[in-house]
Amino acid sequence: MSTGTTKLDVVVSDVVPVNELVTRFHFRRRDGELLPTFSGGAHVVVEMRDGERTRLNPYSLMGSPLDTREYTISVRRDDVGRGGSLFMHNQVRPGLEMVVSYPVNLFSLDLRAKKHLMLAGGIGITPFMAQTAQLAGEGGNFELHYTCRTASLGTYADVLSERYGRRVRLYHDDREERIELDRLLSSQPLGTHLYVCGPAGMINWVRDRAAALGWPPETVHFEHFAAPQPGLPFDVTLAVSGKIIRVGEQQSLLEAIEAAGVDPPYLCRGGVCGQCETNVISCDGKFIHNDHWLSEEDHRSGRKIMPCVSRFEGKSLVLER
Amino acid sequence: MGITFRKETFRDDFTFRNSPEHIRRFPFPFHEDSYMYAVNIEPHVVGPKGSVLENLIDVDEHYVAEMQDRAMVLAEDPLRCQSLPHMTLAGWDLLELLMEQQALGYPEHFTLTRDGDRWRWINRPLGIDDTFTFGDTSTLPYGPMEYITRQSQGDFCILDQRDGNLWMDAGMVTTQADWSLDFDIGMNFFEWHAPVPLAHEKGIFVRALKFLTNIQQGKPARRLNWTMTINPRLDTSPENYHKWGPDRTTVTPENVGDKVHLRVELQSFWRLPRSNGIVFPIRCYLIKMDELVTQPKWARRLHRVIRDLPEELANYKGLTRYRPTLVEWLSKLDDGSPTSAGFGPD
Ligand code: FES
């Protein structure tokens, strides 16, 4: 259904509770073949058939890229979210046939780096599972700093510590442990690249400190786990396809466009890849942009919108789709 | 049935020829009677049987001779093949892609067997039978990119993707139309395209880059490009300009049909899985005017395209010197009747 990626027919081969919030899902190919190779940091978009609705959520691949007999993802349950994670937790069982996209990597390692410094927060650990496995296999130089709320919510902290020993440092919020960021960033050898994945607050903090301490922007890599935000319902006219659609409270504009039978491109569904960019033909109201793709000037101009994460409040909106 | 590989040269006595079947499968690039520069990118999917798109990586009757020519170019100038240190993983990606595709399309000529990391590669046309460990460079006689591209037709640019841009950080380039890997290596997309006229204003490159950085694994794309070359030279590099540049002054009304070649590049774009790089194979097809005009539709249409080409494009493609001679020669084969739509011969 998407023009963005090729699809893979998979079957859920295992569902493993990891801790009170996180569950891991394993997928194999239905035809028994190997899955496509991928690179550390890649995600797949998982299609969920939830009654009438199809939900599409991106999740990082966390297995080793060296072993593609199965794909594994970890899903953190979000009780107040839009329902994708609850569907995964409540409905998905071993044996269920599902469809996932080919891997897409919007958070890839810079292979020129002399050293990879990784900072993870909470469920933001998942892309690093694959990246560390990839680097360990090649004798790559990395160091991972991982913050989580409590030891019991330190998803895979034990696995990582066992695999990589002193290359992994853990920080627990409930013990008031905090990354000494400035010291860490100031003491890295030349040629180090920095990677951060976690809550928006953490990403912003790390990016700001790195910039303040003189890290060139091209050495700082980050992955947002931005789910579309709910908001007031609104109506949109799609000029090219001639449809008028309503975007529900819990629905993204992209999902509403898809539900209307239009097939727009996407890759990340999180406002970072640029694929879904759409021209605004006319509008009377205000945008809530939420994306990390368009420039501030684009946002101000009101001529473009990223339907995967952005919303609208106002009287009328006409898009070129 | 297998391909009958020709014994031929792309230098000195220039014995390169296309067989009649190969003339008909030539990827003629003009679908109408005029030519405009455009981003004509489409999905790289398998095409009709008997066309150059029958397989995603094409192997044809010129394979063995082209590989011999490549070995000669490399012996003279090893800098035609370069790979920055961080591109080794992408080289393995490319090795896998080319071995898989060649073995899939031409099982009578190539065989790939894998047992975990132990791979065996048999290339019958070149008499190669090697067993190696995938990922371990010390088990191959060359780096992975060089090893496999010494056995694959066309040039290969491997691009690293970072900071929203593409960087030409590795490549095997011996059959190029007047550009140089040694000059472009390490450059980003805008830097290596800087010399193309007319295109910048149109924002073509911005859109093309956006398209390319979004190329997905499992969904390769392609485009055709063209120029002309005097004599069937594969290697028309800037380094060798002193050899091929003067050829342009040798075109006469008598030798146009034998000397002037249409040179078509089938460029494809693939996302590489382990390195997340993009490989950009540029496959070159040559056809001399005498061969091309055996298809009356192509003769008529090429006449109109070359005659009406805007001056700056003709200059850019290096046609200026011999264009009047060529147009005059082709005009005799253009009876003015309409040409049918599409690329193929009638
Ligand atoms: S799908 Fe990636 S920005 Fe919208």
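Enquirer: In this structure, what is going on with the overall build of chain A? I would like to understand it.
Expert: Counting its secondary structure elements, chain A contains seven helices and 17 strands. Taken over C-alpha atoms, the radius of gyration comes to 20 Å for chain A, in line with the 20 Å a tight globule of 321 residues would show. Buried residues in chain A amount to 51% of all 321 residues. Of the contacts made within chain A by residues no fewer than 6 positions apart, 68% connect residues no fewer than 24 positions apart. Carbon and sulfur atoms form 47% of the exposed surface of chain A, whose accessible area is close to 14200 Å². Across chain A, the centroid of the 36 positively charged side chains sits 1 Å from that of the 40 negatively charged ones.

Enquirer: In this structure, what is going on with the pairing of strand 2 (residues 22–29) of chain A? I would like to understand it.
Expert: Sheet faces and side chains relate simply in a regular strand, where the side chains alternate between the two faces. All names here are of chain A. Sheet topology note: the strand 1 (residues 7–17)/strand 2 ladder contains seven bridges and is antiparallel. Its bridge partner being in strand 2, Asp14 is matched across the sheet by His26. Hairpin connection from strand 1 to strand 2: four residues lie between these consecutive antiparallel strands. The pairing of strand 2 with strand 5 (residues 71–76) spans six bridges and is classified as antiparallel. Directly across from His26, in strand 5, lies its bridge partner Thr72.

Enquirer: I keep staring at the nonpolar core and nothing clicks. Help me out?
Expert: The tendency in soluble globular proteins is for nonpolar side chains to be buried side by side. All names here are of chain B. Of all hydrophobic cores here, the largest spans 36 residues; its most connected members are Leu94, Leu95, Met99, Trp121, Phe132, Ile158 and Val279. For this core, the secondary structure elements donating two or more residues are helix 2 (63–76), helix 3 (88–105), strand 3 (110–115), strand 4 (118–123), strand 5 (128–133), helix 4 (144–149), strand 6 (155–162) and strand 7 (165–172). A per-element tally of this core places helix 3 first, with eight residues. Listed in part, the 35 residues of the second largest apolar core include Ile23, Phe30, Val256 and Val264.

Enquirer: Hey, could you run me through helix 11 (residues 296–308) of chain B in this one?
Expert: For an α-helix, the turn length of 3.6 residues means that residues three or four places apart are oriented alike. Residue and element names in this part refer to chain B. Between its first and last C-alpha atoms helix 11 spans 19 Å; for 13 residues at 1.5 Å apiece the expected length is 18 Å, and the two agree. In terms of burial, helix 11 is a largely internal element, 10 of the 13 residues being buried. For helix 11, the complete set of buried residues consists of Lys297, Trp298, Ala299, Arg300, Arg301, Leu302, His303, Arg304, Val305 and Ile306. In this fold, the buried residues of helix 11 make contact with helix 1 (20–24), strand 8 (221–230), helix 10 (289–292) and helix 13 (323–331).

Enquirer: Where do I start with the packing of helix 2 (residues 126–137) of chain A against helix 3 (residues 157–164) of chain A in this structure?
Expert: Angle between the axes and distance between the axes: these two values describe a pair of packed helices. Residues and elements named next belong to chain A. Interaxial distance between helix 2 and helix 3 falls to 12 Å at its minimum, and their mutual angle equals 10 degrees. Taken together, helix 2 and helix 3 sit at an angle that is classed as roughly parallel. Between helix 2 and helix 3, the residues in contact are Met129, Thr132, Ala133 and Ala136 and Leu160, Arg163 and Tyr164, respectively. Split into classes, the residues belonging to the contact of helix 2 with helix 3 amount to five nonpolar, one polar and one charged.

Enquirer: Is there a simple way to explain the packing of helix 11 of chain B against helix 13 of chain B in this structure?
Expert: Residue and element names in this part refer to chain B. Where helix 11 meets helix 13, the axes come as close as 9 Å, and the angle between the chain directions of the two elements is 150 degrees. Crossing handedness for the pair helix 11 and helix 13: left-handed. Contacts from Ala299, Leu302, His303, Ile306 and Arg307 in helix 11 reach Arg323, Leu326, Val327, Leu330 and Ser331 in helix 13. Here the residues of the contact of helix 11 with helix 13 sort into six nonpolar, two polar and two charged.

Enquirer: I tried to follow helix 2 of chain B on my own but got confused; where do I start?
Expert: When the terminal C-alpha atoms of helix 2 of chain B are compared, their 20 Å separation across 14 residues agrees well with the 20 Å that a helix rising 1.5 Å per residue should span. Listed in full, the buried residues belonging to helix 2 of chain B are Tyr63(B), Val64(B), Ala65(B), Glu66(B), Met67(B), Asp69(B), Arg70(B), Val73(B) and Leu74(B).

Enquirer: I'm lost on the interface of chain B and chain A in this one. Help?
Expert: One frequent convention defines the size of an interface as the accessible area lost when the parts assemble. Taken residue by residue, the interface counts 14 residues in chain B and 25 residues in chain A. Interface area for chain B against chain A, summed over the two sides, is near 1700 Å², with a carbon-plus-sulfur share of 46%. At the boundary of chain B and chain A, one finds one salt bridge. A salt bridge links Glu277(A) to Lys210(B), with the nearest nitrogen and oxygen atoms 3.2 Å apart. Applying the counting criterion to the chain B and chain A interface returns six residue pairs in polar contact (both at pLDDT 80 or more). Classifying every residue of the side of chain B that touches chain A by side-chain character gives two nonpolar, seven polar and five charged.

Enquirer: Where do I start with the pairing of strand 10 (residues 168–172) of chain A in this structure?
Expert: Residue and element names in this part refer to chain A. Looking at chain direction, strand 9 (residues 142–148) and strand 10 are connected through five bridges and run parallel. Looking at the pairing, Cys148 lines up with His172 of strand 10. With helix 3 bridging strand 9 and the parallel strand 10, this β-α-β connection has right-handed handedness.

Enquirer: Looking at this model, I keep getting lost on the sheet that holds strand 8 of chain B. Mind explaining?
Expert: Hydrogen bonding along the main chain pairs the strands of a sheet, whether they run parallel or antiparallel. Residues and elements named next belong to chain B. Spatial ordering of the open sheet is given by 1-8-9-10-6-7-2, a layout of seven strands whose pairing is antiparallel. With one partner strand each, in any of the chains shown, strand 1 (42–43) and strand 2 (81–83) form the two edges of the open sheet. Inspection of the sheet shows strand 8 paired to strand 9 (residues 260–271) by 10 bridges, in the antiparallel sense. By the bridge assignment for strand 9, Thr229 is matched with His261.

Enquirer: Any chance you could explain the pattern of salt bridges here in plain terms?
Expert: Pairing between side chains of opposite charge can happen when their charged atoms approach one another. In total, this model carries 52 salt bridges over all chains according to the counting rule given. One salt bridge connects Glu70(A) with Arg28(A), and the closest N-O pair in it is separated by 3.5 Å. You can see Glu70(A) sitting in the loop between strand 4 (53–60) and strand 5 and its partner Arg28(A) sitting in strand 2, a full 42 residues away along the chain. Residue Glu96(B) is joined to Arg274(B) by a salt bridge in which the shortest nitrogen-to-oxygen separation is 2.9 Å. Within this pair, whereas Glu96(B) is found in helix 3, its partner Arg274(B) is found in the loop between strand 9 and strand 10 (278–288), the two being separated by 178 residues in sequence. Linked by salt bridges that have partners in common, Asp93(B), Glu96(B), Glu100(B), Arg114(B) and Arg274(B) make up one network.

Quick notes on the rules
Residues numbered from 1 in each chain as written. Chains lettered and ligands numbered in written order. Predicted model: local features only at pLDDT ≥ 70, side-chain atom pairs only at ≥ 80, totals over all residues. Heavy atoms only, no water. Helix = DSSP H or I, 4+ residues; strand = E, 2+ residues; numbered from the N terminus. Rg over C-alpha atoms; globule rule 2.2 N^0.38 Å. Buried < 20%, exposed > 50% of the residue type's maximum accessible area, 1.4 Å probe, protein only. Contact = heavy atoms within 4.5 Å. Areas by Shrake-Rupley, 256 points an atom, 1.4 Å probe, with all protein chains shown as cover. Lys, Arg positive; Asp, Glu negative; His and termini not counted. Charge placed at Lys NZ, Arg CZ, Asp CG, Glu CD. Pairing = 2+ DSSP bridges. Core = buried A, V, L, I, M, F, W, Y, C linked by side-chain atoms within 4.5 Å. Expected span 1.5 Å × (residues − 1). Axes fitted to C-alpha atoms, helices over the stretch in contact; angles between N-to-C directions. Parallel < 35°, antiparallel > 145°, perpendicular 65-115°, else oblique. Nonpolar A, V, L, I, M, F, W, Y, C, P; charged D, E, K, R; others polar. Left-handed = near helix turned anticlockwise from the far one by under 90°. Buried area = accessible area lost by both parts, 1.4 Å probe. Salt bridge = Lys/Arg side-chain N within 4 Å of Asp/Glu carboxyl O. Polar contact = N/O pair within 3.5 Å; in protein donor to acceptor, adjacent residues only side chain to side chain. Right-handed = clockwise from strand over helix to strand, strands pointing away.

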